[in-house]
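Close look at the chain arrangement
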Amino acid sequence: MLKTRPMTAEDMPACMEIVNFTIAQGGTTAYEEPFTEQSFAEEFIDGPAISTVVKTSDRIVGFQNVFDIGDGLYSIGSFTDRRAPVKGAGRALFNATLAACRVRGGVAILARITSDNDSGLGYYGHMGFADDHVIPGDVTRKDGSVVDRIVKRYPL
């Protein structure tokens, strides 16, 4: 059974393992450098308006954050365990995040996904996000390649 709850500092090692493995695999996040404890805390503990983890009975299998970017908009980021994926983890995270965003008020949640991230584009589309706009050449990869960022929108 999956359970969601707010992320705490104690969740950092498990969440770092998830995101750093995702980064190492490449192609499914704009992040290209692994997180240290300090950089993870700054990005995912201190920065977001809402941080949520999803757990099975014995381990964290994903996390999701939304950042308040002003004008009633939130920017979302999601990471689930790619080594041992758990069906329904992404949906459980989004349901919890959506409820928390609605309590806070606002207009919409934006997902800003690099155009080379097929799984991210699919996930947010499956969650009900609609294409909003494209930011051409928004991300330059370490190898010098340039990719667009596709912005999807979910109205609150």
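Everything here concerns the structure above.
So, here is what we can say about the structure in this document. Source: prediction; values computed, not measured.

**Some words on the environment of Asn117**
- Among the structural elements, Asn117 can be located in the loop between β5 (108–114) and α4 (118–126).
- By relative accessible area, Asn117 is classed as buried at 6%.
- Remark: the alpha-carbon pair of Asn117 and Lys55, spanning 62 residues in sequence, is separated by 24 Å.
- Only 3.2 Å separates the side chain of Asn117 from the side chain of Ser119, close enough to count as a polar contact.
- Among the polar contacts listed, one links the side chain of Asn117 to the backbone nitrogen of Gly120, at a separation of 2.7 Å.

**So, the nonpolar core**
- Grouped together as the largest cluster of nonpolar side chains are 17 residues, with contacts concentrated most on Ile76, Phe94, Ile109, Tyr124 and Phe129.
- Taken together, the elements giving at least two residues each to this core come down to β4 (73–80), α3 (89–104), β5, α4 and β7 (146–155).
- If we ignore the near neighbours within four places in the chain, the residues touching Ile109 are Tyr74, Ile76, Phe94, Leu98, Cys101, Phe129, Lys152, Arg153, Tyr154 and Leu156.
- Core analysis: the second largest hydrophobic core is formed by 15 residues, Val19, Ile23, Val53 and Ile60 among them.

**Comments concerning helix α2 (residues 37–45)**
- Residues Phe40, Ala41 and Phe44 constitute the buried set of α2. All buried residues of α2 fall inside an arc of 100 degrees around its axis, so they share one side.
- Where the residues of α2 are buried, they touch α1 (12–25), β2 (50–55), β3 (60–70) and β4.

**Examining the environment of Thr114**
- Locating Thr114 in the fold gives a position in strand β5.
- Taking the C-alpha atoms as reference points, Thr114 and Gly125, eleven residues apart in sequence, are found 14 Å from one another.
- Among all residues touching Thr114, those that are not within four sequence positions of it are Ala30, Leu121, Val139, Arg141, Val147, Asp148 and Arg149.
- A distance of 3.2 Å separates the side chain of Thr114 from the side chain of Arg141, its partner in a polar contact.

**Regarding the side chain of Ser51**
- With respect to the secondary-structure elements, Ser51 resides in strand β2.
- Classification of Ser51 by relative accessible area gives buried; the value is 14%.
- Polar side-chain contacts of Ser51 include one of 3.1 Å to the backbone oxygen of Phe44.
- Once you skip the residues sitting within four places of it in the chain, Ser51 turns out to touch Arg5, Pro6, Met7, Phe44, Gln64 and Asn65.

**Topic: the packing of aromatic side chains**
- Under the criterion given, the structure shown has 15 aromatic pairs.
- Here the aromatic rings of Tyr31 and Phe79 are separated by 6.2 Å at their centres, their planes lie at 40 degrees, and the arrangement is tilted. Taken as a pair, Tyr31 in the loop between α1 and α2 and Phe79 in strand β4 lie far apart in primary sequence, 48 residues in all.
- Ring geometry for Tyr123 versus Tyr124: centroids 4.8 Å apart, planes at 70 degrees, classification edge-to-face. We note that Tyr123, like Tyr124, is buried.
- Of the aromatic side chains, those joined through ring pairs into one cluster are Tyr31, Phe35, Phe40, Phe44, Phe63 and Phe79.

Conventions we followed
- Residues numbered from 1 in each chain as written.
- Predicted model: local features only at pLDDT ≥ 70, side-chain atom pairs only at ≥ 80, totals over all residues.
- Heavy atoms only, no water.
- Helix = DSSP H or I, 4+ residues; strand = E, 2+ residues; numbered from the N terminus.
- Buried < 20%, exposed > 50% of the residue type's maximum accessible area, 1.4 Å probe, protein only.
- Polar contact = N/O pair within 3.5 Å; in protein donor to acceptor, adjacent residues only side chain to side chain.
- Core = buried A, V, L, I, M, F, W, Y, C linked by side-chain atoms within 4.5 Å.
- Contact = heavy atoms within 4.5 Å.
- Arc of directions from axis to C-beta.
- Phe/Tyr/Trp six-rings, centres within 6.5 Å; stacked < 30°, edge-to-face > 60°.

None of the figures reported here should be taken as evidence of function without further support.
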